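# Structural description and commentary
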Amino acid sequence: MSDLRERATALDSADPLSALRELFTLDDTVYLDGNSLGALPRHVPARMQHVITREWGSLRIRSWDESGWWTAPERIGDRIAPLVGAAAGQIVVGDSTSVNVFKAVVAASRLAGGGRDEILVDATTFPTDGYIAGSAARMTGHRVVPVAPADVPAALGPRTAAVLLNHVDYRSGRLHDLPGLTAAVHAAGALAVWDLCHSAGALPVGLDAHRVDLAVGCTYKYLNGGPGSPAYLYVAERHQEAFDSPLPGWTSHADPFGMTPGYVPADGSVRGRVGTPDILSMLALEASLDVWDGVSVDAVRAKSLALTDFFLECVAAYVPEGRVTPVTPAAHGERGSQVSLRCEVPAETEPVMRALVERGVVGDLRRPDILRFGFTPLYVGFADAERAARVLAEVLGV
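Residues numbered from 1 in each chain as written. Predicted model: local features only at pLDDT ≥ 70, side-chain atom pairs only at ≥ 80, totals over all residues. Heavy atoms only, no water.

You'll find the chain entered in an unreviewed UniProt entry as Kynureninase, with Streptomyces argenteolus given as the organism. Looking at the Cofactor (unreviewed entry) heading of the UniProt record, one finds this comment for the chain: "pyridoxal 5'-phosphate". (UniProt positions renumbered as here; feature names shortened; annotations may be inferred.)

## As for the UniProt feature "binding site: pyridoxal 5'-phosphate" (unreviewed entry) in the chain
Residues annotated in UniProt with the feature "binding site: pyridoxal 5'-phosphate" (unreviewed entry) correspond here to Thr 97, Ser 98, Phe 126, Pro 127, Thr 128, Asp 129, Asp 195, His 198, Tyr 220, Trp 250 and Thr 276. The largest pairwise C-alpha distance within this set of annotated residues, which runs over 180 residues, is 30.7 Å, so the set is dispersed in three dimensions. Position of His 198 relative to the elements: it lies in the loop between strand S6 (191–195) and strand S7 (214–217). Ignoring any residue separated from it by four or fewer positions in sequence, one finds His 198 in contact with Asn 35, Val 168, Tyr 170, Lys 221, Tyr 222, Gln 338 and Arg 372. (Helix = DSSP H or I, 4+ residues; strand = E, 2+ residues; numbered from the N terminus. Contact = heavy atoms within 4.5 Å.)

## Some points on empty space enclosed by the protein
All told, the structure shown has one cavity of 30 Å³ or more when counted by the stated rule. Each pocket or cavity is described by its volume, and for the largest cavity that value is around 50 Å³. The class makeup of the residues in the lining of the largest cavity is six nonpolar, one polar and two charged. (1 Å grid on protein atoms, 1.4 Å probe; cavity = no way out; pocket = protein on both sides within 12 Å on 5 of 7 lines; lining within 4 Å. Points joined across faces, edges and corners; volume = space filled by probe spheres on them. Nonpolar A, V, L, I, M, F, W, Y, C, P; charged D, E, K, R; others polar.)

## Details of the pairing of strand S3 (residues 118–122)
The buried count for S3 comes to five of five residues, which makes it a mostly enclosed element. Burial along S3 is two-sided: the face carrying Glu 118, Leu 120 and Asp 122 and the face carrying Ile 119 and Val 121 are both buried. Relative to strand S4 (residues 143–147), S3 runs parallel, the two being bridged by five bridges. Bridging from a neighbouring strand, Val 121 pairs with Pro 146 of S4. One crossover worth recording links S3 to the parallel S4 by way of helix H6 (residues 127–140), and it is right-handed. (Buried < 20%, exposed > 50% of the residue type's maximum accessible area, 1.4 Å probe, protein only. Pairing = 2+ DSSP bridges. Right-handed = clockwise from strand over helix to strand, strands pointing away.)

## Overview of the packing of aromatic side chains
Under the criterion given, the structure shown has eleven aromatic pairs. Between Trp 64 and Trp 70, the aromatic rings sit 6.2 Å apart at their centres with planes inclined by 70 degrees, giving edge-to-face as the arrangement. Three or more aromatic residues joined by ring pairs make a cluster, and in this case those are Trp 64, Trp 69, Trp 70, Trp 250 and Phe 257. Above the ring of Trp 70, the side-chain terminus of Arg 273 is found at 4.7 Å from the ring centroid. (Phe/Tyr/Trp six-rings, centres within 6.5 Å; stacked < 30°, edge-to-face > 60°. Lys NZ or Arg CZ within 6 Å of the ring centre and 35° of its normal.)

## A few points about a nonpolar patch on the surface
Where nonpolar side chains cluster on the molecular surface, the patch consists of Ile 52, Trp 56 and Leu 280 and spans about 280 Å² of accessible area. Among the secondary structure elements, Leu 280 is positioned in helix H9 (residues 279–288). Classification of Leu 280 as partly exposed rests on a relative accessible area of 35%. (Patch = residues over 30% accessible without salt bridge, like charges linked within 9 Å, V, L, I, M, F, W, Y side chains within 5 Å. Areas by Shrake-Rupley, 256 points an atom, 1.4 Å probe, with all protein chains shown as cover. Salt bridge = Lys/Arg side-chain N within 4 Å of Asp/Glu carboxyl O.)

## A short note on the UniProt feature "modified residue: N6-(pyridoxal phosphate)lysine" (unreviewed entry) in the chain
Under the UniProt annotation, the feature "modified residue: N6-(pyridoxal phosphate)lysine" (unreviewed entry) is placed at Lys 221. Considering the arrangement of structural elements, one finds Lys 221 in the loop between S7 and strand S8 (232–235). Taking the relative accessible area as the measure of exposure, Lys 221 reaches 10% and is therefore buried. In contact with Lys 221, other than residues within four places in its own chain, are Gly 34, Asn 35, Ser 36, Gly 38, Cys 197 and His 198.

## Here we look at the pairing of S7
Along S7, one buried face is formed by Leu 214 and Val 216 and the opposite face, lined by Ala 215 and Gly 217, is buried too. As paired strands, S6 and S7 are joined by three bridges and run parallel to one another. Of the residues in S7, the one forming a bridge with Val 193 is Leu 214. In the sheet, S7 pairs with S8 via four bridges, with the strands oriented antiparallel. Paired with Ala 215 across the bridge in S8 is Tyr 234.

## Side note on the pattern of salt bridges
Within this structure, the stated rule accounts for 25 salt bridges. Note that Arg 171 is salt-bridged to Asp 369, the shortest N-O span being 4.0 Å. Highlighted residues: Arg 171 in the loop between strand S5 (160–166) and helix H8 (178–187) and Asp 369 in the loop between strand S12 (364–366) and strand S13 (370–374), separated in sequence by 198 residues. What makes Asp 369 buried here is its relative accessible area of 11%. In this structure, Arg 390 and Glu 386 form a salt bridge, with 2.9 Å as the shortest nitrogen-oxygen distance. Taken as a pair, Arg 390 and Glu 386 lie in helix H12 (residues 382–395) at a separation of four residues, close to a single helical turn. Each member of the pair Arg 390 and Glu 386 is classed as buried. Sharing partners across several salt bridges, the network here consists of Asp 117, Glu 118, Arg 143 and Arg 159.

See the structure below:
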């Protein structure tokens, strides 16, 4: 154990991102649940105090113009864009991930054209994505075909309209092949829709480089936007003119204050808007994104892989064989930024995580048998990884 502790100290000392931890409100807890809710950046409360007292309290309605509230969805979208490999003008922020999945799947089905009536959906996806895709299929006269991501190429055909996939599996932490699967979808004449909830802010995505059609993502995980912070929708520039949203709201109208009965969509990513933006949570997100100034996503990815490698090494050294088994792939090209461990005795899963939290190591679980540990490279260090593995071994009675 002393050798691994010494290595953790050395790795933290050499970590070029270590100073970023000071930008967050943290205590001595090992916080490994940033893949569910990111930590609070220290400067956000002061920014929100200004928004509430000055922009809302004093300027009131004038802030839609004078404080830039009206343009916030596109402005903040442009700040997220570099983190997912997109040029400006293709991301709009607003609504929840679920609402944006609905917009994207219906729009992709419409863009695919006639004769295509199947929507392929990741069979291992976060359940809501499947629920939403099913509703979209009923509305558009399509049918949903659940398929494992690895089996997508074989399932594609002339009837495939769109394919909805998660970039990183929320249970196992497996990273799916976005470039290869997108290319396969395009070769079949369909559109690719990606859910980036567990990858944006943790690893390079390359939306433009890999010609993704549409994508959605939340902002409260690795982007640290706060609980319930608004999600985002990416519409590739080449599709924007034909993008037909199933939720044409007044703020996506070409003349939103004209209040005309007929809907005429605005140009560009604005078409992805629906109703009045949730300004307080949106501006908290905007402030939170300041922690990314000058930070390379490639550097974040390098640290993520080093952290998860080290955690797996510590688990292997501290926890006897047979108590937990990693289900997150060992191969770097197949791993997101979390480590999932399967409890060999499923009934132990909840008591083990409860005991970890009581001892200052916060992860989470997915029933029936998965312990999840999310590694946010902006504020998690190697000493955190070593301590988490050591406490896990203690909890398991080693």
